[in-house]
Amino acid sequence: MKKIVTIQDISCVGKCSLTVALPLLSAMGLETAIIPTAVLSNHTAFSGFTFHDLTDTIPGILDQWKKEGFAFDAVYSGYLGSLRQIELVERAWDSCLAPGGLKIVDPAMADNGSLYKGFTEDFARAMGGLCGKADLIMPNLTEACFMTGRPYRPDGGDSYVRDTLRALSGLGCRFSMLTGVSPDENSLGAMIYDRDRDIFLSAYNEKLPVRFHGTGDIFASVMTGGLVRGKSLEEAMSIAVDFVHDCILETISHKDHNWYGVDFEAVIPALTARL
Ligand code: PXL
């Protein structure tokens, strides 16, 4: 069985980060280790939250894993709890990746043109440095703009999206992906730029008239899981785009649905059927 370690926060309520990554990666047939970056009472889109930073626990975990000789097929990082954790993700790459293992970064820190509560432009720049050394990065447009200094233009059109992807590849990594790409008013999906082959890949599904929290984390988890399960970039991206679409459809089919996360649980069988 392939093994993966994911580094992101535990939001105790809110269906994002580790509470979606762990069930999804496990359902995809991957042994999943975790490094929690912080424990929050709930994610930061609620009116208030508690936040317990776990930065100081991480060096000890990595040292102990090194002694045990643990090695993973991918290190997948998401929401980080402090600037210092950016360096610790790099340390995890150096100390616990199997030969040929993938460095995958979802620079979860912003959406809709703004940074999430608690993040700064310095943090975004440092995250850009980490992304430059990764194999695959998966920002949304807001995160891409904060990391590259490009203007945020959600209706920028195809050439703006492609230029943003080229700017992301200027950070240094071979495969840059943009999530939340909408080529027309009825479609939503993602696009990848492969710098070495100078080609773009894309996958779309129907655009639904609602947005939910946590879908970026679900997308990144399924994309990562698909790649580690041996799917091509294009296949993994298409599975992830379709799964997020199905999660949203499932959620809005219940009229008393919550606002803070999607009902991914009920759609897991459709995901595993694609593997
Ligand atoms: O879904 C991204 C995310 C992850 N973790 C925490 C968050 C958010 C988005 O707001 O607040 C704690």
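Small disclaimer: the values here were computed from a predicted structure and weren't measured. (Residues numbered from 1 in each chain as written. Predicted model: local features only at pLDDT ≥ 70, side-chain atom pairs only at ≥ 80, totals over all residues. Heavy atoms only, no water.)

### Some remarks on the overall build of the protein
Helix and strand counts for the protein stand at nine helices and eleven strands. Relative to the globule expectation of 19 Å for 275 residues, the C-alpha radius of gyration of the protein, 17 Å, shows essentially globular dimensions. Seen along its three principal axes, the alpha-carbon backbone of the protein occupies a region of about 50 × 45 × 40 Å. Residue burial in the protein is summarised as follows: out of 275 residues, 53% are buried. Across the protein, contacts joining residues at least 24 apart in sequence account for 66% of those joining residues at least 6 apart. Total accessible area computed for the protein in this model is approximately 11800 Å², and 51% of it derives from carbon and sulfur atoms. (Helix = DSSP H or I, 4+ residues; strand = E, 2+ residues; numbered from the N terminus. Rg over C-alpha atoms; globule rule 2.2 N^0.38 Å. Buried < 20%, exposed > 50% of the residue type's maximum accessible area, 1.4 Å probe, protein only. Contact = heavy atoms within 4.5 Å. Areas by Shrake-Rupley, 256 points an atom, 1.4 Å probe, with all protein chains shown as cover.)

### With respect to the layout of surface pockets
Each pocket or cavity is described by its volume, and for the second largest pocket that value is around 180 Å³. Residues of the lining of the second largest pocket, tallied by class, amount to seven nonpolar, four polar and two charged. (1 Å grid on protein atoms, 1.4 Å probe; cavity = no way out; pocket = protein on both sides within 12 Å on 5 of 7 lines; lining within 4 Å. Points joined across faces, edges and corners; volume = space filled by probe spheres on them. Nonpolar A, V, L, I, M, F, W, Y, C, P; charged D, E, K, R; others polar.)

### Let's talk about the site of the ligand
Around the ligand sit Asp-9, Ser-11, Cys-16, Ser-17, Leu-40, His-43, Thr-44, Tyr-79, Tyr-116, His-213 and Asp-217, and those are all the residues in its vicinity. Thr-44 is positioned with one of its side-chain polar atoms (N or O) 2.6 Å from an oxygen atom of the ligand. Here Asp-217 contributes a side-chain N or O atom positioned 2.7 Å from an oxygen atom of the ligand. Protein coverage of the free-state accessible area of the ligand, which is 310 Å², stands at 97%. Here the residues of the shell around the ligand are counted per class, giving four nonpolar, five polar and two charged. (Near = heavy atom within 4 Å. Polar contact = N/O pair within 3.5 Å; in protein donor to acceptor, adjacent residues only side chain to side chain.)

### Overview of the pairing of strand 11 (residues 199-206)
Note that strand 10 (residues 187-194) and strand 11 share eight bridges and pair antiparallel. Residue pairing in the sheet places Ala-190 in a bridge with Ala-203 of strand 11. What sits between the antiparallel neighbours strand 10 and strand 11 is a turn of four residues, in which Asp-198 has the positive phi angle 55°. (Pairing = 2+ DSSP bridges.)

### Description of the packing of aromatic side chains
Throughout the structure, instances matching the rule amount to eight aromatic pairs. Note on Trp-65 and Phe-72: the rings are 5.3 Å apart at their centroids and 45° apart in plane angle, and the pair reads as tilted. What makes Phe-72 buried here is its relative accessible area of 5%. On the numbers, 5.2 Å between centres and 80° between planes, the contact of Tyr-79 with Phe-119 is edge-to-face. Of the two residues, Tyr-79 sits in the loop between strand 4 (72-77) and helix 3 (83-96) while Phe-119 sits in the loop between strand 7 (114-115) and helix 4 (121-132), which places them 40 residues apart along the sequence. (Phe/Tyr/Trp six-rings, centres within 6.5 Å; stacked < 30°, edge-to-face > 60°.)

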